[in-house]
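# Summary of the model geometry
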Amino acid sequence: MLLLRIVDAIRAAVPGAADALAERLAAAPTAIDALAATRDLVAELSRLLVDPLVLVIDDAEHLDGAEGSLEMLGELIRAEVPLLHVAVSSRRSLGLRVAKPRAAGRLAELTTADLSFDAEECAALLRTRTGLDPSGTRVEEMMEATEGWPLGVALAAGVAKPGASGADPPGIASLSSAPDLRSYLSEELVESLEPELREAAMASSVVRVLTPEVRRALDLPDDFATRIERAGLLVRRIEGDDAIAYHPLLREFLLERLRGHRDDEEWRRLHAAVAPAVAESGDGIAAVEHWLEAESWAEAVAAVEREGMALLRTSPELVRRWLSLLPEESRELPTILALRAQLEWSSGDFDRAIPPLRDALDAMRKRPNASLEWIVRSILTDCLFATGEVE
């Protein structure tokens, strides 16, 4: 019982401060009224404390749903005992009745945002741990990998130490495989979940953002996001709180577990299930990735055609990777040949653009496409002039 543990802890820290209450509780012949006993405890502490006492309740998320314990905890927080300080640590909001001390300025609340490191704090830690002044790129890399999560930042600073020869410290790409991080994610987060929720969490990690559309595609319950938050997993609400995203390091860990639990066919089916929902959510680029993972080539080609043109100048390497993942027969389609040619043309490599342009025109003899043919011929003419093949 929480009350008995609190009383015992107070007796150990301040002998005599809660002895009378402890004796009454031990001698009680029937069930204890915890709330009344808590008020008695507050009265005793108000009378007997001569030095400050800090009562710390750690891992308080385990009290979620235990109304009696939460009422008792709220009573302690609201107690107007100058020498009594109550600190509660929880991975999620507990709905405690603390409006009065908050309004009176007697309550300090620290959220995830308050505890997260910003770029300046990350740089300071790197400087302390490595003895070097970190570059802006290294700090940005750390922030992207950890999102300011204190444990992640501390571990990232550890793997960023310079080598024995004084060489530049390595990148933090190895952070996700750090033993301490993996132990924490496994023991404290993932393995603590109920089996059904753990399986659902692994399946949902297949997407970067879990939107309502994706949740329905995966047949997850309506309250899945709330249950994940209550379980203490590292997630953040986005897009008007209708969607959640796992912390990057947690998502990578969950994905690794998921891949180990699903065979190739199940992996492809999972990606095929979420791809339309991801596209419906407005993330066409991520949808392409899912279609490619699903090896649903017709859908992948259509998605690459839709998204590729807009990315030719801003993300040409991404488009190249998409094209390389398509099977040979798909790469010989007129639209894909034209897209490959435009990659070379837009980068100024006209010689490399000419062969796929000609191949695209040949392919359109079997698959006519008047509008595409006009574009291909126009670009081919430009390339031929640029290379001096047209006089």
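Scoring rules and cut-offs
- Counting of residues starts from 1 at the beginning of each chain's written sequence and follows it residue by residue.
- Under the rules for a predicted model, residues below a pLDDT of 70 receive no local features and side-chain atom pairs below 80 are neither given nor counted, while totals for whole chains, interfaces and linings still include all residues.
- Just so you know, side-chain values use all the structure's heavy atoms and leave hydrogens and water out.
- For each structure, a 1 Å grid was placed over the protein atoms alone; sets of points admitting a 1.4 Å probe that cannot get out are labelled cavities, open sets with protein on both sides within 12 Å along at least five of seven lines are labelled pockets, and lining residues have an atom within 4 Å of a point.
- Grid points are joined across faces, edges and corners, and a volume is the space filled by probe spheres set on the points.
- A run of H or I in DSSP counts as a helix once it spans at least four residues, and a run of E counts as a strand once it spans at least two, with each numbered from the N terminus.
- Charged residues are taken to be Asp, Glu, Lys and Arg, nonpolar residues to be Ala, Val, Leu, Ile, Met, Phe, Trp, Tyr, Cys and Pro, and polar residues to be all remaining types, Gly included.
- Each salt bridge in this description consists of a side-chain nitrogen of Lys or Arg and a carboxyl oxygen of Asp or Glu lying within 4 Å of one another.
- Throughout this description, buried means an accessible area under 20% of the type-specific maximum (1.4 Å probe, protein chains only), exposed means over 50%, and partly exposed covers the range between.
- Summary of the metric used: pLDDT quantifies the predictor's per-residue confidence within the range 0 to 100.
- Working rule for contacts: check all heavy atoms of both residues, and any pair within 4.5 Å makes them a contact.

## Observations concerning the layout of surface pockets
What the largest pocket holds in volume is close to 1,800 Å³. Forming the walls of the largest pocket are 50 residues, and the residues nearest its centre are Ser90, Leu110, Thr111, Thr112 and Leu115. Those elements giving two or more residues to the lining of the largest pocket turn out to be helix H4 (67–78), strand S2 (84–88), helix H5 (99–103), helix H6 (112–115), helix H9 (150–159), strand S3 (235–238) and strand S4 (243–246). Per-element tally for the lining of the largest pocket: the top contributor is S2, with 5 residues. Here the lining of the largest pocket is composed, by residue class, of 27 nonpolar, 10 polar and 13 charged.

## Some points on the pattern of salt bridges
This structure, assessed with the given rule, holds 25 salt bridges. Here Asp40 and Arg24 are joined by a salt bridge, their closest N and O atoms 3.9 Å apart. Of this pair, Asp40 sits in helix H3 (residues 34–48) while Arg24 is found in helix H2 (residues 19–27), placing the two residues 16 residues apart along the sequence. Asp40 gets classed as partly exposed once you look at its relative accessible area, which sits at 37%. Its salt-bridge partner being Asp64, residue Arg230 comes within 3.9 Å of it at the nearest N-O pair. Here the residue Arg230 occupies a position in helix H13 (residues 224–230), and Asp64 occupies one in the loop between strand S1 (53–57) and H4, the gap between them amounting to 166 residues. Residue Arg230 is classed as partly exposed on the basis of its relative accessible area, which comes to 49%.

## Focus on the confidence of the model for the protein
Looking at the protein as a whole, its pLDDT mean stands at 89, while 95% of the residues score no less than 70. pLDDT under 50 marks residues 164–168. Its contacts with residues more than four places away, or in other chains, come to 1 contact.

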